[in-house]
2 protein chains.
Amino acid sequence: MDEYAKLSINQITTRDQWSLAEAITGYGRHGIHAISVWRDKLLELGIREGARMLSDAGMTVTGYCVGGLLSARDDAVFQERLEDNRRMIEEASTIGAECLVLIAGGIEEGSRDIDGARERAKEGLALLLPDARAAGIIIGLEPLHPMVCSLRSVLTTLEMANDWCEELGAGDELGIAVDVYNVWWDPNLAREIARAGNRICAFHVSDWLADTRDLRFDRGMMGDGVIDIEKIREMVETAGYAGYSEVEIFSERNWWRKNPDDVVETVKDRYRRYV
Amino acid sequence: MDEYAKLSINQITTRDQWSLAEAITGYGRHGIHAISVWRDKLLELGIREGARMLSDAGMTVTGYCVGGLLSARDDAVFQERLEDNRRMIEEASTIGAECLVLIAGGIEEGSRDIDGARERAKEGLALLLPDARAAGIIIGLEPLHPMVCSLRSVLTTLEMANDWCEELGAGDELGIAVDVYNVWWDPNLAREIARAGNRICAFHVSDWLADTRDLRFDRGMMGDGVIDIEKIREMVETAGYAGYSEVEIFSERNWWRKNPDDVVETVKDRYRRYV
């Protein structure tokens, strides 16, 4: 039994060191056969070439990042975002991704209308569901941490993600991505993971550093922070999730500066001990 | 009618510029007759002298900051914190504060037990209620933003604050402090403010800056960010709150560097326009 059979690495974890081609060969060299892909890295390599390399390397693509950002009031901007998301659904399909990770979007400059932004993002999500269904792609709706509510996601809790799934009456084309970094603080975490149940289509791990310095790019390696990751993994598994644990670490001060081979070996070590 | 009759300034807003004595005279000079007091500033001046100056100036003391930090596992540390909180209840009584603002405390170094920290903090709160009741002091339980869950407060939502109040079966000695900066992102905000009802004993205002750079000390002046403060003020008033709006701005990059008289004038201007 390969002890890393359910370990995926989100390539953002080696964002500053490796291109997509380098990540595919680099992760593979260390015995990791699952990856989550970012769009800018894929476009840099070329969609067809990326799809071919991922397939040739036998890589499972656990996610394609990141769609959404649908909270714009301006209709032209909103329509442009919808079209861009439709292209991402096609791209996700081309590379065989298990899901397109989607975040709601934040609050536009000059606006204070959080309710309006939420309604708009939900409306945009509803409009994308038929495209996802047609392409056979699961949209992985990911609530982000409330500290990026203004910047990135007015969808701030798992409860609200569950509410949206119910309100939209979506089928299998709509899933929920649970990222421990975004949800670990939530008093309703256990309840809402159980409620999400089989909708959970991705499980992202990293850690919250006690001395966190940045709202987006200062995540910690598993074991370096305060999150009881194993406990949350047990919650998602009890809810029915049997997929990968995907390591997703944004880290300007630390992991993006290190030798990427060392990063991958550290990921493997910490995965064994803390996930 | 004095248009600033319900405006209070938390002295943290001029933390780096003014001592307590200077804040009392400074705020008063600008026609502000309510203040929230921090302990280190009070002890610097002396408790008796501070109480005398506040009284002589006719200042309403809307809060005394900040008690709590009760989440320690170690019994000796926990007991020491309880004793310190009891002293703060006495101090709050001496200066005639409307409430002692209490935060739960974070997660100790080396721990990943958020549930345990929450239970401990609630236990500590329960042990302080008789002291508050005896002293005639309201404890203002304040949930903080989830981004300081690890550092300062495992109590991360208004819902959980309401739950604690109910579970403890507390009387009037336990209130809830609503700070827009901590709760504005919460999908359950309206419901939980209504539920808090007459327990709301303080209302703190500031703004969330779109380009927030720090987890604690980068709050914005009302009007400079994304929070619809008026809407939240209407919620607390509908819930039954008729007290002060207290401006509480931690701002290393901006307001702590400015001339304090200008800060107070800006507070007044923004209060009129955005609160």
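Everything below is about the structure printed above this text.
Residues numbered from 1 in each chain as written. Chains lettered and ligands numbered in written order. Predicted model: local features only at pLDDT ≥ 70, side-chain atom pairs only at ≥ 80, totals over all residues. Heavy atoms only, no water.

Peer 1: Explanation requested: the sheet that holds strand S2 (residues 34-38) of chain B in the structure shown.
Peer 2: Strand pairing within a sheet occurs via backbone hydrogen bonds; the two strands may be parallel or antiparallel. Residues and elements named next belong to chain B. Within the closed barrel, the eight strands sit side by side as S1-S2-S3-S4-S5-S6-S7-S8. Their pairing is parallel. Pairwise comparison of adjacent strand axes, ignoring direction, gives a mean angle of 30 degrees for this sheet. Here strand S3 (residues 60-68) pairs with strand S4 (residues 100-103) via three bridges, running parallel. Residue pairing for S4: Gly68 is matched across the bridge by Ile103. The strands touched by helix H1 (residues 20-29) are strand S1 (7-10) and S2; relative to S2, the strand with the most contacts, the crossing angle is about 170 degrees. (Pairing = 2+ DSSP bridges. Helix = DSSP H or I, 4+ residues; strand = E, 2+ residues; numbered from the N terminus. Axes fitted to C-alpha atoms, helices over the stretch in contact; angles between N-to-C directions. Contact = heavy atoms within 4.5 Å.)

Peer 1: Teacher, can you tell me more about the side chain of B:Asp179 here?
Peer 2: All names here are of chain B. The topology assignment puts Asp179 in strand S6 (residues 174-179). Relative accessible area serves as the criterion here: at 1%, Asp179 is assigned to the buried category. At 3.0 Å, the side chain of Asp179 and the side chain of Arg219 are in polar contact. Those residues in contact with Asp179 that lie beyond four places of it in its chain are Glu142, His204, Ser206, Arg219 and Glu248. (Buried < 20%, exposed > 50% of the residue type's maximum accessible area, 1.4 Å probe, protein only. Polar contact = N/O pair within 3.5 Å; in protein donor to acceptor, adjacent residues only side chain to side chain.)

Peer 1: Just to check I follow, could you spell out the sheet that holds strand S8 (residues 245-247) of chain A for this structure?
Peer 2: All names here are of chain A. Strand order in this closed barrel of eight strands is S1-S2-S3-S4-S5-S6-S7-S8, and the pairing throughout is parallel. Pairs of neighbouring strands in the sheet enclose a mean axial angle of 30 degrees, with direction left out of account. Bridging between strand S4 (residues 100-103) and strand S5 (residues 139-141) involves three bridges; their strand directions are parallel. Within S5, the position partnered with Leu100 by the bridge is Ile139. Docked against the sheet, helix H1 (residues 20-29) engages strand S1 (7-10) and strand S2 (34-38), running at close to 170 degrees with respect to S2. Sitting on the sheet, helix H5 (residues 114-135) touches S4, S5 and strand S6 (174-179), and the angle it makes with S5 is about 150 degrees.

Peer 1: Sorry, what's going on with the pattern of salt bridges here?
Peer 2: All names here are of chain A. Taken as a whole and assessed by the stated rule, the structure comprises 68 salt bridges over all chains. Between Arg133 and Glu173 there is a salt bridge whose closest N-O contact spans 2.3 Å. With Arg133 in helix H5 and Glu173 in the loop between helix H6 (158-167) and S6, this pair connects stretches of sequence that are 40 residues apart. Glu173 sits in the buried class, given a relative accessible area of 6%. One connected set of salt bridges, linked through shared partners, spans Arg39, Glu80, Arg81, Asp84, Arg87 and Glu91. (Salt bridge = Lys/Arg side-chain N within 4 Å of Asp/Glu carboxyl O.)

Peer 1: Can you walk me through the nonpolar core in this structure?
Peer 2: As a rule of thumb, soluble globular proteins bury nonpolar side chains together. Grouped together as the largest cluster of nonpolar side chains are 201 residues, with contacts concentrated most on A:Trp184, B:Trp184 and B:Ile193. The residues contacting B:Ile193, other than those within four sequence positions of it, are B:Leu158, B:Val178, B:Ile200, B:Ile232, B:Met235, B:Val236 and B:Ala239. (Core = buried A, V, L, I, M, F, W, Y, C linked by side-chain atoms within 4.5 Å.)

Peer 1: Sorry if this is basic, but what is going on with the state of the cysteines here?
Peer 2: Evaluation of the coordinates by the stated rule reveals zero disulfides over all chains. Note on B:Cys149: no disulfide assigned, nearest cysteine sulfur contributed by A:Cys149 at a separation of 17 Å. Cysteine B:Cys165 remains unbridged, with the sulfur of B:Cys201 as its closest cysteine sulfur at 9.0 Å. The exposure class assigned to B:Cys165 is buried, which follows from its relative accessible area of 1%. (Disulfide = S-S within 2.5 Å.)

Peer 1: I would appreciate a short explanation of the packing of aromatic side chains in the present structure.
Peer 2: Under the counting rule described, the total for this entry stands at 17 aromatic pairs over all chains. A ring pair is formed by A:Trp185 and B:Trp185, whose centres lie 5.4 Å apart and whose planes are at 85 degrees; its orientation type is edge-to-face. Linking A:Trp185 in the loop between helix H7 (180-183) and helix H8 (189-196) with B:Trp185 in the loop between helix H7 (180-183) and helix H8 (189-196), this pair reaches from one chain into another. For the residue pair A:Trp185 and B:Trp185, the accessibility class agrees, reading buried in each case. Linked through ring pairs, A:Trp38, A:Phe217, A:Phe250 and A:Trp256 together constitute an aromatic cluster. One Lys or Arg, A:Arg15, reaches over the ring of A:Phe217 and ends 5.8 Å from the middle of that ring. The aromatic ring of A:Trp256 is capped on one face by A:Arg15, whose charged end is 3.7 Å from the ring centroid. (Phe/Tyr/Trp six-rings, centres within 6.5 Å; stacked < 30°, edge-to-face > 60°. Lys NZ or Arg CZ within 6 Å of the ring centre and 35° of its normal.)

Peer 1: What am I meant to see in the environment of B:Gly140 here?
Peer 2: Residues and elements named next belong to chain B. Summarising the element assignment, Gly140 is placed in strand S5 (residues 139-141). Judged by relative accessible area, which is 0%, Gly140 ranks as buried. With 76 residues separating them in the primary sequence, Gly140 and Tyr64 have C-alpha atoms 9.4 Å apart. Leaving out residues up to four positions away in the same chain, Gly140 has contacts with Cys99, Leu100, Val101, Leu102, Gly175, Ala177 and Cys201.

These figures come from the coordinates and say nothing about function on their own.
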